Amino acid sequence: MDVSGLAPIEQTALLTEYCRALDSRSARPILGDSHADATVRRIDHDFASLGATPSVVALVALRAKMLDECLSRFVAADPSAVVVDLGAGLSSAAFRVDPPPTVDWVNVDLPGVIGLRNAVVPAHERVRDVAANVLEPDWVTAVPPDRPTIVFADGLFAFLDEDAVVSLLRRITGHFPSGVVAFNDYGRVSKANQVIGRLTSSRNANSPHRQWNFPGFKDARQPESWDPALRLLDESSAMHRPETAQFPTGLRIASRLSRRVPSIARKARVLQYRF
Ligand SMILES: C[S@@+](CC[C@H](N)C(=O)[O-])C[C@H]1O[C@@H](n2cnc3c(N)ncnc32)[C@H](O)[C@@H]1O
């Protein structure tokens, strides 16, 4: 499958899927998503150019595992729940989480990615794909607002600007009756950090660092001030997880340091808010 027609922002889905594929090929995987490997093998692309360093692979795999755990807990507590994956890319999270048959799962992404998904990711009986721009108001109307809902985003918010993230959060809490919003986060990312990221990352014009837009925030309670319907439920850092023992050396040292330097822990956190 050729992906040269994807827009640069859509191409960001290739790196995260490739990272999970590489993780699954390793002797001691963190996530162990064999679907990701199968998906990547169906795509004709120079994946080696994407900058999937061992540290990026470990962090992408671990944050997916942490988000999977949030989803599993939510659907176990309420098997009538709906799961919405915003900026779902090529992710096989539904296969990994394997929710009860009463759960509905909706993947939302831009049309080019949904088209590619349909070609390379196997269908799942409880999953529906919606081709939409999450910055437009109408994607929510594709998901009925009558059941507790967990809306999650793995790797999406970094590409939106702050106003877009605020509007998106308000749209979620305005539409769904109750539930959880969960997403990965990098803490505050200064303009200088963003520029350094661009300069030091892959030279590929479609590198995710070149699409970075979100300045982020330090205090995990910040989204509560953007949307009073949100209450912080949990802030967890990948840097504090037992899987850090499987990290490459430099990242393992950073994870040890993160116990004393909270700004390092914030660089790889998963946040959850109840509404
Ligand atoms: C880094 S990828 C992550 C994909 C997937 N969540 C994963 O873990 O592999 C970011 C995804 O967000 C999608 N995306 C970015 N901006 C979007 C928007 N405005 N509306 C819908 N999807 C968007 C991209 O197309 C891409 O699939």
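Residues numbered from 1 in each chain as written. Predicted model: local features only at pLDDT ≥ 70, side-chain atom pairs only at ≥ 80, totals over all residues. Heavy atoms only, no water.

### Considerations on the nonpolar core
And step 1. Counting 33 residues, the largest nonpolar core has Leu86, Trp139 and Phe157 as the members making the most contacts within it.
And step 2. Among the secondary structure elements, those contributing two or more residues to this core are strand 1 (82–86), strand 2 (104–109), strand 4 (149–153), helix 6 (162–175), strand 5 (179–185) and strand 7 (269–274).
And step 3. The greatest single-element share of this core, amounting to 6 residues, is contributed by helix 6.
And step 4. What phenylalanine 157 contacts, discounting residues up to four positions off in sequence, is Val165, Leu168, Leu169, Phe183 and Phe214. (Core = buried A, V, L, I, M, F, W, Y, C linked by side-chain atoms within 4.5 Å. Buried < 20%, exposed > 50% of the residue type's maximum accessible area, 1.4 Å probe, protein only. Helix = DSSP H or I, 4+ residues; strand = E, 2+ residues; numbered from the N terminus. Contact = heavy atoms within 4.5 Å.)

### Observations regarding the pattern of salt bridges
And step 1. Taken as a whole and assessed by the stated rule, the structure comprises 17 salt bridges.
And step 2. A salt bridge links glutamate 243 to lysine 65; the nearest nitrogen and oxygen atoms lie 2.9 Å apart. Note that glutamate 243 is positioned in the loop between strand 6 (231–237) and helix 9 (249–257) and lysine 65 in helix 3 (residues 54–77), a separation of 178 residues in sequence.
And step 3. Glutamate 243 serves as the salt-bridge partner of arginine 241, at 2.9 Å between the closest nitrogen and oxygen.
And step 4. Under the relative-accessibility criterion, arginine 241 is labelled buried at 17%.
And step 5. The class for glutamate 243 is buried, based on a relative accessible area of 8%.
And step 6. Because the salt bridges share partners, they merge into one network encompassing Lys65, Glu69, Arg241 and Glu243. (Salt bridge = Lys/Arg side-chain N within 4 Å of Asp/Glu carboxyl O.)

### What to know about the side chain of serine 24
And step 1. You can see serine 24 is positioned in helix 1 (residues 8–25).
And step 2. Reaching out from serine 24, the side chain makes a polar contact with the backbone oxygen of alanine 21 at a distance of 2.8 Å.
And step 3. Ignoring sequence-local partners within four residues, the contact set of serine 24 consists of Pro29, Gly32, Asp33, Ser34 and Asp37. (Polar contact = N/O pair within 3.5 Å; in protein donor to acceptor, adjacent residues only side chain to side chain.)

### Here we look at the site of the ligand
And step 1. In the neighbourhood of the ligand, 20 residues make up the surrounding shell, with Thr16, Arg20, Gly87, Asp109 and Asp154 lying closest.
And step 2. Between the ligand and glycine 87 there is a distance of 2.7 Å, counted from a nitrogen atom to a backbone nitrogen or oxygen.
And step 3. Note that an oxygen atom of the ligand is positioned 2.6 Å from one of the side-chain N or O atoms of aspartate 109.
And step 4. Across the complex, the protein chains shield 97% of the 590 Å² of accessible surface that the ligand would expose by itself.
And step 5. Counting residues per element, the shell around the ligand draws most heavily on helix 1, which supplies 6 residues. (Near = heavy atom within 4 Å. Areas by Shrake-Rupley, 256 points an atom, 1.4 Å probe, with all protein chains shown as cover.)

### Examining unusual backbone geometry
And step 1. A positive phi is found at aspartate 98, a non-glycine position, where the angle reads about 45°.
And step 2. Within the element layout of this structure, aspartate 98 appears in the loop between helix 4 (93–97) and strand 2.
And step 3. Classification of aspartate 98 as exposed rests on a relative accessible area of 52%.

### Considering the sheet that holds strand 2
And step 1. Judged by pairing direction, the sheet is mixed, and its 7 strands sit side by side in the order 3-2-1-4-5-7-6 without closing on themselves. Pairing within the sheet leaves two strands with one partner each, and these edge strands are strand 3 (127–131) and strand 6. In this sheet, neighbouring strand axes are inclined to one another by 15° on average, regardless of whether the strands run parallel or antiparallel.
And step 2. Of the strand pairs in this sheet, strand 6 and strand 7 are connected by 6 bridges, and their pairing is antiparallel. (Pairing = 2+ DSSP bridges. Axes fitted to C-alpha atoms, helices over the stretch in contact; angles between N-to-C directions.)

### Let's talk about the packing of aromatic side chains
And step 1. With the rule as written, the count across this model stands at 8 aromatic pairs.
And step 2. On the numbers, 5.8 Å between centres and 15° between planes, the contact of phenylalanine 183 with tyrosine 273 is stacked. Remark: tyrosine 273 occurs in strand 7 and phenylalanine 183 occurs in strand 5; sequence separation between them is 90 residues.
And step 3. Through a chain of ring-to-ring contacts, the aromatic side chains of Phe157, Phe183 and Tyr273 assemble into a single cluster. (Phe/Tyr/Trp six-rings, centres within 6.5 Å; stacked < 30°, edge-to-face > 60°.)

### Regarding helix 2 (residues 34–41)
Counting along an α-helix, one turn takes 3.6 residues, and residues three or four places apart therefore face a common direction.
And step 1. The set of residues buried in helix 2 consists of Ala36, Asp37, Thr39 and Val40. Projected down its long axis, helix 2 carries its buried residues within an arc of 165°, all on one side. In helix 2, those exposed residues whose orientation departs by more than 90 degrees from the buried face are Ser34 and Arg41.
And step 2. The inward-facing, buried residues of helix 2 abut helix 1 and helix 5 (111–120).
And step 3. Its side-chain oxygen placed 3.0 Å from the backbone nitrogen of histidine 35, aspartate 33 serves as the N-cap of helix 2. (Arc of directions from axis to C-beta.)

### Some remarks on the pairing of strand 1
And step 1. With 5 of 5 residues buried, strand 1 is to be regarded as a mostly interior element.
And step 2. Of the two faces of strand 1, both are covered, the one formed by Val82, Val84 and Leu86 as well as the one formed by Val83 and Asp85.
And step 3. As defined by bridge partners, strand 1 adjoins strand 2 across 5 bridges and the pair is classed as parallel. The residue of strand 2 that forms the bridge with leucine 86 is valine 108.
And step 4. Judged from the 4 bridges that link them, strand 1 and strand 4 form a sheet pairing that is parallel. Within the sheet, the bridge partner assigned to valine 83 lies in strand 4 and is isoleucine 150.

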